[in-house]
Amino acid sequence: MLKFAGAFVVAGLLAVCSLGAAERIEIDWSRVIPVDELDHYWRRLPAEMQYLRNTRPSGRVVGGYPATAGQFPYQALLLSDLGNGYSSVCGGTVITSNYILTAAHCVTDDFKNILNGGVAILGAKDRTVYESTQQRISYARANIRVHPAYDVNNILNDIATVRLNAPAVFGSYVKAIALPARSDSRTFAGFEGTVSGFGRTSDAPGSSISSVLMYTRNPVMSQAQCNLQWSTSQVLAQHVCFDPAGGRATCNGDSGGPLAVQDAGRSLQVGITSFGAAVGCAAGYPSVFVRISYYRDWIAQNSDYVFGA
C-alpha cells in the first residue's frame, strides 16, 4: 500500500477505553515510522525517480506553520487497520457529520483490498494529547467506499469515502468543508491553496510525524504549468497541482488530506493529496491532488454530501 508524505505505518491502537461516538482510544505514537522508508512507498513512482529514495532534503516542513486550535476544523486523521497489528495513518476531510473524504490508497493495500476499518481523529491540534476538542470515532470496513476504477499502478481515481460508525458532533473545532458546486467550472489556477496535516518535521531515519497540525500555502497551478514537470500521462484532467515554490508541498501534510482555497469567505476543498509529495520535497516537483470537481457524481453517490447547483 502506498502512502505519500505524511502517511505512515503505526503500531499502536492499544485500547478502546469507552464506547460511543467519541471513543477513548489510546495510541502508542512512539511506534510510528515514516512509510517512505518502506518499499511499497516507491512502487508507483517512475523508474527515473527512484534515485530520490536516497535523496534527503534538509527538512520536510519547509515554510510550514503550526495551526491554531480550530483553524482547520475539517481536518481528519485516519488510522486504518492493516490486519497485522499495525495501522496506516492518513489525512482526510470532514464533508458531513457522517463522512470523511480521503484517497483510495489510504484505505487499501497493495492489491486494492479494502483495509479492516479503523479510527478517525477529528478536532486535533496536538495528536499526542487526548484534547477536549478531539473526537475519535471508529469506522468499519463495510463503510469504506473506494472508486471502482482506482488504478494503483498509474495512480488514477485515487479517491475514497469513509462513513463513521457514529456522527461527528459539529462545533468550533469540528466542521464540514464545502465542495465546489455542480455549476462551478473553475480550475482554481492562481488561487492561493492551503494544505494541512501532521507532516514529518525531520528527515532522520525513523523520525515521527509532527505532533501538531501544520499547514502551508502556495498557488494552485494550471494544468499546463503542472505538465511542464509531470507528463500528460501522469497528470490528467482528474488531477490538480500545488506549486512547490519555496519547498512547500504536502510533505507538510498527509496523504489523503485536503487542498483548500478561500472562496466567498469560506474554505472550499479543491483537491485530495494523492502523489508526488516526496518528489516535490526532494526535487521541486509539484504535489498532485485528486481534483474534487472531477468526481462530484461519485462523491454524491458514495456519501450523503449534497452538492450545490
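With an unreviewed UniProt entry as reference, the protein is termed AGAP006674-PA-like protein, source organism Anopheles sinensis. What the UniProt record of the protein gives under Sequence similarities (unreviewed entry) is the line "Belongs to the peptidase S1 family. CLIP subfamily."

Chemist: Lay out the overall build of the protein with the relevant residues and their values.
Modeler: Across its full length, the protein holds three helices and 18 strands. Taking all 309 residues of the protein together, the buried fraction comes to 58%. Only carbon and sulfur atoms are counted for the fraction: they give 50% of the accessible area of the protein, which is about 11500 Å².

Chemist: For the pairing of strand 12 (residues 160-163), give the residues involved together with the corresponding values.
Modeler: Bridge count for strand 8 (residues 99-102) against strand 12 is four bridges, and the pairing is antiparallel. Along strand 12, the bridge assignment pairs Leu101 with Thr161. One ladder, built from three bridges, connects strand 11 (residues 144-146) with strand 12; its direction is antiparallel. Bridged to Arg145 within strand 12 is Thr161.

Chemist: Tell me about the confidence of the model for the protein, and please be specific about residues and values.
Modeler: Averaged over all residues, the pLDDT of the protein is 81; the fraction at 70 or higher stands at 73%. When the criterion is pLDDT under 50, residues 1-20 qualifies, and its contacts beyond four places in sequence or with other chains add up to 100 contacts. Per-residue pLDDT stays below 50 along residues 56-62; that stretch engages in 24 contacts with residues further than four places along the chain or on separate chains.

Chemist: An account of the nonpolar core is needed here, citing residue identities and associated values.
Modeler: With 64 residues, the main nonpolar core has Ile95, Ile100, Leu122, Ile159, Leu179, Leu259 and Ile299 as its most contacted residues. Those residues within four positions of Leu179 in sequence are excluded, and the remaining contacts are Ile95, Leu268, Gln269, Ile292, Ile299, Tyr305 and Phe307. In this structure, Cys226, Trp230, Cys241 and Phe275 belong to the second largest nonpolar core, which totals eight residues.

Chemist: I'd like a rundown of the pattern of salt bridges, residues and numbers included.
Modeler: Taken as a whole, this structure holds three salt bridges when the rule is applied. We note a salt bridge from Asp184 to Arg186, for which the minimum N-O separation is 2.7 Å. Residue classification places Asp184 among the buried positions, given a relative accessible area of 13%. With its nearest N and O atoms 2.9 Å apart, the salt bridge here joins Asp263 to Arg186. In this pair, Asp263 is assigned in strand 16 (residues 258-263) and Arg186 in the loop between strand 12 and strand 13 (192-197), connecting sequence segments 77 residues apart. When salt bridges with common partners are traced through the structure, they connect Asp184, Arg186 and Asp263 into a single cluster.

Chemist: Would you mind going over the pairing of strand 9 (residues 118-122) in detail, with residue names and values included?
Modeler: Looking down a regular strand, the side chains alternate between one sheet face and the other. The element strand 9 is largely enclosed, with a buried count of five among its five residues. Here strand 6 (residues 75-81) pairs with strand 9 via five bridges, running antiparallel. Across the sheet, Ala76 pairs through a bridge with Leu122, a residue of strand 9. Two strands pair when backbone bridges link them, and strand 9 and strand 10 (residues 135-139) are joined in this way by five bridges, in the antiparallel orientation. Bridging across to strand 10, Leu122 finds its partner in Gln135.

Conventions we followed
- Residues numbered from 1 in each chain as written.
- Predicted model: local features only at pLDDT ≥ 70, side-chain atom pairs only at ≥ 80, totals over all residues.
- Heavy atoms only, no water.
- UniProt positions renumbered as here; feature names shortened; annotations may be inferred.
- Helix = DSSP H or I, 4+ residues; strand = E, 2+ residues; numbered from the N terminus.
- Buried < 20%, exposed > 50% of the residue type's maximum accessible area, 1.4 Å probe, protein only.
- Areas by Shrake-Rupley, 256 points an atom, 1.4 Å probe, with all protein chains shown as cover.
- Pairing = 2+ DSSP bridges.
- pLDDT = per-residue confidence, 0-100.
- Contact = heavy atoms within 4.5 Å.
- Core = buried A, V, L, I, M, F, W, Y, C linked by side-chain atoms within 4.5 Å.
- Salt bridge = Lys/Arg side-chain N within 4 Å of Asp/Glu carboxyl O.

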